[in-house]
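Read off the chains here:
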2 protein chains.
Amino acid sequence: MPTRRQFLGSAALAATALTPSVNRAAEFPTIIPQKAAPKKLKLSFKPYTLELKHAFNVAVYSRTTTPVVLTQVEYTEGKTKVVGYGEASMPPYLGETQESVMKFLSQVDLGKYENPFDLETILSDADALMPDNTAAKASLDIALHDVVGKLMGQPLYNLWGYNPAKTPNTTFTIGIDKPEVVREKMKETTPFNIIKVKIGQQDSDRMMIETVRSMTDKPLVADANQGWKDKQYALDTIYWLKEQGVQFIEQPLPKDMVDENAWITERSPIPVITDEAVKRLPQILKAKDVYHGINIKLMKCTGVREANKMITLARALGMKVMIGCMTETSCAITAAAHLTPMVDWADLDGALLIKNDCFKGMTVQNGKITLPTRPGLGIVPV
Amino acid sequence: MPTRRQFLGSAALAATALTPSVNRAAEFPTIIPQKAAPKKLKLSFKPYTLELKHAFNVAVYSRTTTPVVLTQVEYTEGKTKVVGYGEASMPPYLGETQESVMKFLSQVDLGKYENPFDLETILSDADALMPDNTAAKASLDIALHDVVGKLMGQPLYNLWGYNPAKTPNTTFTIGIDKPEVVREKMKETTPFNIIKVKIGQQDSDRMMIETVRSMTDKPLVADANQGWKDKQYALDTIYWLKEQGVQFIEQPLPKDMVDENAWITERSPIPVITDEAVKRLPQILKAKDVYHGINIKLMKCTGVREANKMITLARALGMKVMIGCMTETSCAITAAAHLTPMVDWADLDGALLIKNDCFKGMTVQNGKITLPTRPGLGIVPV
């Protein structure tokens, strides 16, 4: 179906073709070709490959790079010109690629919107274009929020009324590896107050925690990434994790094992948080009786606008909230960081795990997320 | 318990008293008196009495005036000075008075906040000061939102990413009265596309609807204001209302008759909306299985910040949302109007029912809510 703009464009064209002389005008419906209004919003994007400092091993796969797409939304009105930055990150298991993201973004016609602030309309329209494509949608959401923040002259946390002093510590993640590699990686955890340990392979679970615990007294959190299959093993291990100072466990069993995950949550001495079972807002209601809390990630949920709604809903349901990330540059990481004054835990180390970050944004100071005070995302290309 | 500011103030005073000479300084802990930072946020308020054009009759009472308190929040930083307007409206049945509102507001110490944008902290602190006092809290919330909108140079709908073109029609309310009075009042409904009829006294229910219907073909909505007591009478009447072109029924039975209201909702051919059963966010979860939707009013829910969260929660639960009002000036009415692009129905005629509105704000054009485009609330004192 043609968009309104395409339709108007061809109508104007038709009018030109059909009215060669003033005399003939009366024979046709009066269609006056309008001078096209200058496009105020313009979207551009390019692929980029993140190089990881270490191969990233979780329960189900391993990798050394992550493909992303970097977006820019340019807003021009008279002498005002503002550029907003966005990012889509596509770890391979989520089904999006640089190609699919760029295909999606090439169908987004920002030129038809007059008001860059009308995020509800623009983002709902984009959401309706195709199902899924959540990372692609997030890259648009992030860039538009950067634009409106800059137009208002305020950082995102001020747009939302959040207190930048209330950001939590971020975890730093240690992937599954041999003890000597884990010990080596532990050197990088010095700036952090809380460490996230990937487990879930059953054989190496206790080794991972014990190796980390042998080198630090800091609080830990653990992420099984759906790796376990046996609920009793999971529960026993969770009890042991609590003794090791682990504060919560993420996604113990595969998300489809709903009853078994609920069984664990009912009995667990520490919060059980879901990652894989909740991508977007509507799934939270179903997760309410299965988990204590949710892990919100911008690349799963289409961006900060929906993430804010998810925080509201989860809180209203009495659930815990954490914000996580994929491997991302400081662009998407900083967007997520602006939400953290409202969450229990943050796991925003994604940009610290890559060699070629192309933005400066949120920093970690004494382990705590520290937000830039510049307007919008507050990031700067480097 | 002294506030931090009070504590610093007395510490500074103590330091002055205890260090009469430089020589004695070493004998005491070094407390250097700091020049007090200039207060950036300042709250003021005054009582005001709204005079109604007509005595207002609903199922349970009648009145000719409504007491309100008008608030102002002044923000000063260097040469920047911005004034935000707020309002608390206190229909007598809700338990707040001008005295109780002013008592509440006099305990709010805005001087201790450096960042006027940090609404989550400021409004949470105010909420925690005393229970209830929802109108008083709303007056603060509204004025602060006016301030931040003005500081950002944007109308509230832009702050929230809402499309001002998507506002609904507002209903205009006809109170319970004799047929000749109702017919006279109907002259005022010309500018509106949808009319809200107060019913609930049982004896006069059909007369009210029939009198209105005899004078207009416009869609109606009906509000029983908890007036009915018998569920079968209520359901029969609702079926009859549907035949009369009534689009939804508000609060058929007293809110405490939970099972009976749920019974009606299950069987009703039109949406059943609750007003009295839901004041604030947490009550929505309980209302989910009792009503189809909720009526959000700023004076019940502490203001636009919580109202926005209520919209998100109700939508996530698949509920209908309407926004209503008390008798209010164009200050509080306009604040509510900025939320209306996100709701199904709006009942924002409160300022049209009074003789002495002291603001110009949202207008009704061809029956539709039309938002001012000025920054903040966009209202102007008259």
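Reading the values: rules and limits
Residues numbered from 1 in each chain as written. Chains lettered and ligands numbered in written order. Predicted model: local features only at pLDDT ≥ 70, side-chain atom pairs only at ≥ 80, totals over all residues. Heavy atoms only, no water. Helix = DSSP H or I, 4+ residues; strand = E, 2+ residues; numbered from the N terminus. Buried < 20%, exposed > 50% of the residue type's maximum accessible area, 1.4 Å probe, protein only. Contact = heavy atoms within 4.5 Å. Areas by Shrake-Rupley, 256 points an atom, 1.4 Å probe, with all protein chains shown as cover. Least-squares fit on C-alpha atoms with pLDDT ≥ 70 in both. Axes fitted to C-alpha atoms, helices over the stretch in contact; angles between N-to-C directions. Parallel < 35°, antiparallel > 145°, perpendicular 65-115°, else oblique. Left-handed = near helix turned anticlockwise from the far one by under 90°. Buried area = accessible area lost by both parts, 1.4 Å probe. Polar contact = N/O pair within 3.5 Å; in protein donor to acceptor, adjacent residues only side chain to side chain. Nonpolar A, V, L, I, M, F, W, Y, C, P; charged D, E, K, R; others polar. Phe/Tyr/Trp six-rings, centres within 6.5 Å; stacked < 30°, edge-to-face > 60°. Lys NZ or Arg CZ within 6 Å of the ring centre and 35° of its normal.

S.K.: Explain the overall build of chain A to me, please; I cannot follow it from the model alone.
M.R.: Secondary structure assignment for chain A yields 13 helices and 15 strands. Within the span of chain A, comprising 382 residues, buried residues form 57% of the whole. Considering only residue pairs separated by 6 or more positions, chain A has 68% of its internal contacts joining residues 24 or more positions apart. In the structure as shown, chain A presents an accessible area of about 16100 Å², 54% of it carried by carbon and sulfur atoms.

S.K.: So what exactly am I meant to see when it comes to the relation of the copies chain A and chain B here?
M.R.: Two copies of a chain can be linked by a rotation about an axis combined with a shift along that same axis. Mapping chain A onto chain B leaves a residual RMSD of 0.0 Å; the transformation is a rotation of 180° accompanied by 0.0 Å of translation along its axis. Such a turn and shift between the copies fits a two-fold axis. In terms of proximity to the rotation axis, the leading residue of chain A is Met 152 of chain A, whose C-alpha is 2.4 Å off the axis. Interface overlap between copies is the fraction of interface residues in one copy that are interface residues in the other; for chain A against chain B it reaches 100%, indicating a shared surface.

S.K.: Honestly, the packing of helix 2 (residues 98-105) of chain B against helix 4 (residues 134-152) of chain B in this entry has me stumped. Any pointers?
M.R.: Between two packed helices, what matters for the description is the angle formed by their axes and the separation of those axes. Residues and elements named next belong to chain B. Contact geometry for helix 2 and helix 4: axes closest at 9 Å, N-to-C directions at 55°. Classified by the interaxial angle, the pair formed by helix 2 and helix 4 is oblique. Judged by the sense of rotation from one axis to the other, the crossing of helix 2 with helix 4 is right-handed. Contact residues: helix 2 offers Val 101, Phe 104 and Leu 105, while helix 4 offers Ala 136, Lys 137 and Ser 139.

S.K.: Explain the interface of chain A and chain B to me, please; I cannot follow it from the model alone.
M.R.: Interfaces are often sized by the amount of accessible area the parts lose when they come together. Counting residues at the interface gives 24 residues for chain A, matched by 24 residues for chain B. Buried surface at the junction of chain A and chain B, summed over both partners, amounts to about 2100 Å²; 58% is from carbon and sulfur atoms. When the buried surface of chain A facing chain B is broken down by residue, Phe 117, Met 152 and Thr 312 of chain A rank first, second and third, together holding 22% of it. Viewed at the interface, chain B and chain A are joined by 14 residue pairs in polar contact (both at pLDDT 80 or more). Breaking the side of chain A that touches chain B down by element, the ones donating at least two residues are helix 3 (119-129), helix 5 (156-159) and helix 12 (304-316) of chain A. No other element matches the five residues that helix 12 of chain A contributes to the side of chain A that touches chain B. Residue classes in the side of chain A that touches chain B are distributed as 12 nonpolar, seven polar and five charged.

S.K.: Quick question: what am I supposed to make of helix 9 (residues 258-267) of chain B here?
M.R.: The α-helix advances 3.6 residues per turn, and as a result positions three or four apart in sequence lie on the same side. Those residues of helix 9 of chain B that fall on the buried side of the exposure criterion are Asn 261, Ala 262, Trp 263, Ile 264 and Thr 265 of chain B. Taken together, the buried residues of helix 9 of chain B touch helix 8 (231-243) and strand 8 (272-274) of chain B.

S.K.: How do you make sense of the packing of aromatic side chains when you look at a structure like this?
M.R.: Ring pairs (aromatic) are described by centroid distance and by the angle formed between their planes. All names here are of chain A. Scanning the model with the defined rule gives 10 aromatic pairs over all chains in all. Centre to centre, the rings of Phe 248 and Trp 345 are 4.4 Å apart; their planes meet at 40°, and the pair counts as tilted. Within this pair, whereas Phe 248 is found in strand 7 (residues 246-250), its partner Trp 345 is found in strand 11 (residues 345-346), the two being separated by 97 residues in sequence. Residues Phe 248 and Trp 345 agree in their burial class; the two are buried. In this arrangement the basic side chain of Lys 231 is found over the ring face of Trp 263, its NZ or CZ atom lying 4.6 Å from the centre.

On their own, these measurements won't tell you what the molecule is for.
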